[in-house]
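Examining the three-dimensional arrangement
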Amino acid sequence: ARYGDIVTLKTWEHSLKGAPFFRCFALEKDGRRLCESISSWSLVAPKDRKVLRPTDYKHEFLLTEHPITAEITRTKIGDLPEVASHIVTFTETDGNGHLNNSNYGDFIADNAPQEYAVKLKNGAVISRAEIAFLREAKQGDRISICAADIDGGIQMYGCFDDGKRCFEAVAEGRSFYAYS
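Overview of the structure.

Scoring rules and cut-offs
Residues numbered from 1 in each chain as written. Predicted model: local features only at pLDDT ≥ 70, side-chain atom pairs only at ≥ 80, totals over all residues. Heavy atoms only, no water. Salt bridge = Lys/Arg side-chain N within 4 Å of Asp/Glu carboxyl O. Helix = DSSP H or I, 4+ residues; strand = E, 2+ residues; numbered from the N terminus. Buried < 20%, exposed > 50% of the residue type's maximum accessible area, 1.4 Å probe, protein only. Arc of directions from axis to C-beta. Polar contact = N/O pair within 3.5 Å; in protein donor to acceptor, adjacent residues only side chain to side chain. Contact = heavy atoms within 4.5 Å. Phe/Tyr/Trp six-rings, centres within 6.5 Å; stacked < 30°, edge-to-face > 60°. Lys NZ or Arg CZ within 6 Å of the ring centre and 35° of its normal. Core = buried A, V, L, I, M, F, W, Y, C linked by side-chain atoms within 4.5 Å.

Quick look at the pattern of salt bridges now. Following the criterion strictly, the structure yields seven salt bridges and no others. Across the pair aspartate 5 and lysine 29 runs a salt bridge whose closest N-O atoms are separated by 2.9 Å. Placement of the pair is aspartate 5 in the segment before β1 (8–16) and lysine 29 in strand β2 (residues 21–29), with a sequence separation of 24 residues. The residue glutamate 36 makes a salt bridge to arginine 33 at a minimum N-O spacing of 2.9 Å. Owing to a relative accessible area of 30%, arginine 33 belongs among the partly exposed residues under this scheme.

To continue, consider helix α1 (residues 102–110). Those residues of α1 lying buried are Asn103, Tyr104, Phe107 and Ile108. For α1, the buried positions fall inside an angular range of 155° around the axis, keeping them on one side. Every exposed residue of α1 that faces more than 90 degrees away from the buried side is listed here: Ser102 and Asp110.

Turning next to the side chain of glutamate 130. Relative to the helices and strands, glutamate 130 resides in strand β7 (residues 125–133). Take glutamate 130: its relative accessible area is 9%, and that puts it in the buried class. For glutamate 130, the side chain forms a polar contact with the main-chain nitrogen of threonine 75, separated by 2.5 Å. Setting aside anything within four residues of it in sequence, one finds glutamate 130 in contact with Thr73, Arg74, Thr75, Glu168, Ala169 and Val170.

The final tally for this structure, using the stated rule, is four aromatic pairs. Each member of the aromatic cluster is reached from another via a ring pair, and the members are Tyr104, Phe107, Phe133 and Phe167. Here arginine 165 stacks its cationic end above the ring of tyrosine 157, 3.5 Å away from the centre of that ring.

Now for the nonpolar core. In this structure, Phe107, Ile143, Met156 and Phe167 are the most contacted members of the largest nonpolar core, which totals 18 residues. For this core, the secondary-structure elements that each account for two or more residues are α1, β8 (142–150), β9 (153–159) and β10 (165–174). If you tally residues by element for this core, the top one is β10, at four residues. Not counting residues within four places of it along the chain, the set of residues in contact with isoleucine 143 comprises Ala84, Ser85, His86, Val88, Leu99, Phe107, Ala137, Gly158, Cys159, Phe160, Cys166 and Phe167.

Rendered as structure tokens:
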């Protein structure tokens, strides 16, 4: 797709397994699928932060079996060097008072190891990303960002002062060629 093209974003509930819900997404243009993703998420009670089961969800599920090739993966990430420190600000939080998920992609791009950052500046794009949200970060929390360029991609995690990880991420890139 190019800037200004009309595209369609589709989303649907795929399945339930225990507490997690699985939601699929597909971006299409003229009936051709451009990209797809799948996410796993859980409902959490806003007051006590306890995980809710699907049986606690009082709305109708619209489960479908639309095909999707994307799958949920989880790369094991070992210890990495600290590359930055970040304090969560008010404007980065959502209505539940924790770091909005949209910020984690920024962490990947803003804190990429130098080798990978050079690739991004020279036209590479992140073509695959895997982000695991492990613990909520709230306003004022300090997150140590640890990252390395591994096998031509980025491995990264953020951890709190107590050493517990807030998130883990893996991103891979590919060359991007300008349209002629």
